[in-house]
Amino acid sequence: MSTIQKLIKEIKTLKPIPQIAHQLMEIVEDPQSSMSDIADVILYDPMITANLLRVCNSAYFALPRKIESVREAITMMGLEKIIDIAILKCSPERMKNSFEGYGLNEGDLWRHSVYSALIAKELAEKKEVKNKYLIFTASLLKDIGKIILDRFIVDAFRKINVLVQLKGYSFKEAEKKIIGIDHAELGGLVAKKWNFSAKMIYIIQNHHLSEESAQKDTETNIVYLADTLCMIMGIGIGSDALAYRFHDNVLEELKVSLNDFQKLIAGFGANMRKVEALLNFI
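Only a predicted model underlies this, so the values are computations on that prediction, with no experimental measurement involved.

Asks: Explain the side chain of S91 here, please?
Replies: Take S91: it is sitting in the loop between α6 (79–89) and α7 (108–126). There is a polar contact of 2.7 Å between the side chain of S91 and the backbone oxygen of L88. Aside from chain neighbours lying at most four places away, what touches S91 is I17, W110 and L140.

As structure tokens, this is what we get:
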């Protein structure tokens with residue numbers, strides 16, 4: 001059995017995200033949907049409801065009284081915050097593991113993914129881009145391929161590192177050269193297996209903008225820029241760190257000035273303590 005065949009077989013061992021995540025993304029992107037519609041979707045899943053109420057009633061939010069229903073949570077905290085928490089709760093539990101091949105300690109991949117998703121959503125809002133929750137979720141799950149590829153990276157790391165350090169390859173290019181597939185491609189296969197939309201699959205596959213066409217795609221550019229910001233800020237980075245191509249034309253494509261870029265970094269830097277506290281409850 002080839003390495004690629006083994007990796008594809010491994011996809012089956014990865015527990016899919018709950019169906020409610022698909023339903024939630026579909027309904028929140030529908031301009032005709034109401035707060036009641038969204039609450040009903042969340043209520044459909046008792047596990048998500050229980051977890052959501054636990055987070056809302058945690059010390060992190062310190063609300064004046066106990067919240068006992070999803071509708072009450074939406075009223076008290078706002079619809080957007082509730083949707084964010086619900087989608088984050090749907091992400092694979094294995095994202096919180098450590099990943100030796102990528103040099104990621106326990107929680108590092110999860111931390112990077114959550115920050116990326118929050119930054120991507122903020123960028124989408126600033127640029128008034130539609131499908132902000134598709135962007136949020138794609139950014140959250142963009143590195144899902146690393147979960148499966150990690151143990152293969154452990155065995156191939158020395159060869160990969162030689163290509164990166166001595167031959168000028170990006171980490172992703174070295175993965176492809178040595179293993180035959182990179183984490184973004186593999187993530188796209190996972191997204192396809194989980195029946196995500198074609199757009200979601202495309203963003204995950206192209207979140208490093210390796211394909212020239214992706215550099216013209218607004219949603220993919222936003223996910224890429226959020227990922228880059230996290231790397232620059234040192235959030236949940238591992239052995240691949242900054243060993244990727246930086247496409248500075250993305251700033252021009254998104255009409256983001258260098259000053260805007262610096263403000264984004266400063267803004268999230270100031271809020272890191274708050275986000276870190278939230279991570280402890282999700």
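That shown, we press on.
Asks: Is there a simple way to think about the packing of aromatic side chains in this case?
Replies: How two aromatic rings sit relative to each other is given by the distance of their centres and the angle of their planes. A complete count under the given rule lists four aromatic pairs for this structure. Taking 6.0 Å as the distance between ring centres and 70° as the angle between the ring planes, the aromatic pair formed by Y133 and F136 counts as edge-to-face. A residue pair is termed a helical-turn pair when its members lie 3 or 4 positions apart in one helix, as Y133 and F136 do in helix α8 (residues 132–141) at three residues. The residues Y133 and F136 share a single accessibility class, namely buried. When the ring of F157 is compared with that of F171, the centres are 6.5 Å apart and the planes differ by 40°; the resulting orientation is tilted. Linking F157 in helix α9 (residues 144–167) with F171 in helix α10 (residues 171–179), this pair joins segments that are 14 residues apart in sequence. In this structure F157 comes out as partly exposed when scored by relative accessible area, which is 25%. For F171, a relative accessible area of 2% corresponds to the buried category. These aromatic residues form a ring-pair network of at least three members: Y102, F157 and F171. A cation sits over an aromatic face here: K146 above Y102, 4.9 Å from the ring centre.

Asks: Can you walk me through the environment of D248 in this structure?
Replies: Mapped onto the fold, D248 is located in the loop between α13 (218–232) and α14 (249–253). Using a relative accessible area of 52% as the deciding quantity, one classes D248 as exposed. On a C-alpha basis, the gap between D248 and L225 in space is 9.5 Å, while along the polypeptide they are 23 residues apart.

Asks: What is the right way to read α7 from this model?
Replies: Because the α-helix completes a turn every 3.6 residues, residues three or four places apart line up on one side. In this model, α7 (19 residues) spans 27 Å end to end at C-alpha, consistent with the 27 Å of a helix rising 1.5 Å per residue. Counting buried positions along α7 yields 15 of 19 residues, so the element is predominantly enclosed. At the exit of α7 stands E128, carrying a positive phi of roughly 55°.

Asks: In this structure, what is going on with the packing of helix α12 (residues 198–205) against α13? I would like to understand it.
Replies: Packed helices, taken two at a time, are described by the angle between their axes plus the distance between the axes. Interhelical geometry of α12 versus α13 gives an angle of 40° and a closest axis separation of 9 Å. As the angle between them shows, α12 and α13 are arranged oblique. Of the two elements, α12 crosses α13, and the hand of that crossing is right-handed. Here K199, Y202 and I203 of α12 come into contact with α13, specifically with E219, T220 and V223. Of the residues in the contact of α12 with α13, the class split is three nonpolar, one polar and two charged.

Basis of the calculations
- Residues numbered from 1 in each chain as written.
- Predicted model: local features only at pLDDT ≥ 70, side-chain atom pairs only at ≥ 80, totals over all residues.
- Heavy atoms only, no water.
- Helix = DSSP H or I, 4+ residues; strand = E, 2+ residues; numbered from the N terminus.
- Polar contact = N/O pair within 3.5 Å; in protein donor to acceptor, adjacent residues only side chain to side chain.
- Contact = heavy atoms within 4.5 Å.
- Phe/Tyr/Trp six-rings, centres within 6.5 Å; stacked < 30°, edge-to-face > 60°.
- Buried < 20%, exposed > 50% of the residue type's maximum accessible area, 1.4 Å probe, protein only.
- Lys NZ or Arg CZ within 6 Å of the ring centre and 35° of its normal.
- Expected span 1.5 Å × (residues − 1).
- Axes fitted to C-alpha atoms, helices over the stretch in contact; angles between N-to-C directions.
- Parallel < 35°, antiparallel > 145°, perpendicular 65-115°, else oblique.
- Left-handed = near helix turned anticlockwise from the far one by under 90°.
- Nonpolar A, V, L, I, M, F, W, Y, C, P; charged D, E, K, R; others polar.

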